[in-house]
Amino acid sequence: MTTNTTPAAPAAPSVHRRALITWLAVYPAITTAFALLGPHLARLPLPLRTLVMTALVVPVVVYGLMPLLLKAERRIARRAGVSGRPGSR
């Protein structure tokens, strides 16, 4: 009988770190989207402007920025010897 041994997945960052990482991705994405598209969307009703902005910003954040930021966070935490679990170091 063989056992599958897979490396343990890295611990997820704490909820506070995840909130900060999310904000670091969302704020610049929204700011850039408003700077580039705001003037072009100004005549649309607010719900439609919000729909267009979120349809563009959410995929950029989820598929582009978050993976990059989470990878960077793991590297930084590994160098600092910090685990994502509370109370462990």
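Note: the structure precedes this text.
Since the structure is predicted, the reported quantities are computational estimates derived from the model, not experimental observations.

## Let's talk about the nonpolar core
Part 1: Core analysis: the largest hydrophobic core is formed by nine residues, namely Ile21, Ala25, Ala29, Ala33, Leu41, Met53, Val57, Val61 and Met66.
Part 2: Contributing elements (two or more residues each) for this core: helix 1 (15–41) and helix 2 (46–80).
Part 3: Here the element with the most residues in this core is helix 1; it accounts for five residues.
Part 4: Those residues in contact with Ile21 that sit more than four places away from it in its chain are Pro13, Met66, Leu69, Leu70 and Glu73.

## With respect to the pattern of salt bridges
Part 1: Counted under the stated rule, the structure contains one salt bridge.
Part 2: Arg17 serves as the salt-bridge partner of Glu73, at 3.0 Å between the closest nitrogen and oxygen. Note that Glu73 is positioned in helix 2 and Arg17 in helix 1, a separation of 56 residues in sequence.
Part 3: Here Glu73 falls in the buried class, since its relative accessible area comes to 12%.

## With respect to the packing of helix 1 against helix 2
Part 1: Following both chains from N to C, one finds helix 1 and helix 2 inclined at 145°, their axes separated by 8 Å at the closest point. The hand of the helix 1/helix 2 crossing is right-handed.
Part 2: A class-by-class count of the residues in the contact of helix 1 with helix 2 yields 20 nonpolar, two polar and three charged.

## A look at the packing of aromatic side chains
Between two aromatic rings, the relevant description is the distance of the centres plus the angle of the planes.
Part 1: Applying the stated criterion across every chain yields a total of one aromatic pair.
Part 2: Consider the rings of Trp23 and Tyr27, whose centres lie 5.4 Å apart with planes at 15°: the pair is stacked. Of this pair, Trp23 and Tyr27 both sit in helix 1, separated by four residues, roughly a single helical turn.
Part 3: Assessed through its relative accessible area of 47%, Trp23 is described here as partly exposed.

Cut-offs used in this document
- Residues numbered from 1 in each chain as written.
- Predicted model: local features only at pLDDT ≥ 70, side-chain atom pairs only at ≥ 80, totals over all residues.
- Heavy atoms only, no water.
- Core = buried A, V, L, I, M, F, W, Y, C linked by side-chain atoms within 4.5 Å.
- Buried < 20%, exposed > 50% of the residue type's maximum accessible area, 1.4 Å probe, protein only.
- Helix = DSSP H or I, 4+ residues; strand = E, 2+ residues; numbered from the N terminus.
- Contact = heavy atoms within 4.5 Å.
- Salt bridge = Lys/Arg side-chain N within 4 Å of Asp/Glu carboxyl O.
- Axes fitted to C-alpha atoms, helices over the stretch in contact; angles between N-to-C directions.
- Left-handed = near helix turned anticlockwise from the far one by under 90°.
- Nonpolar A, V, L, I, M, F, W, Y, C, P; charged D, E, K, R; others polar.
- Phe/Tyr/Trp six-rings, centres within 6.5 Å; stacked < 30°, edge-to-face > 60°.

Purely spatial values, then, with no claim about function.
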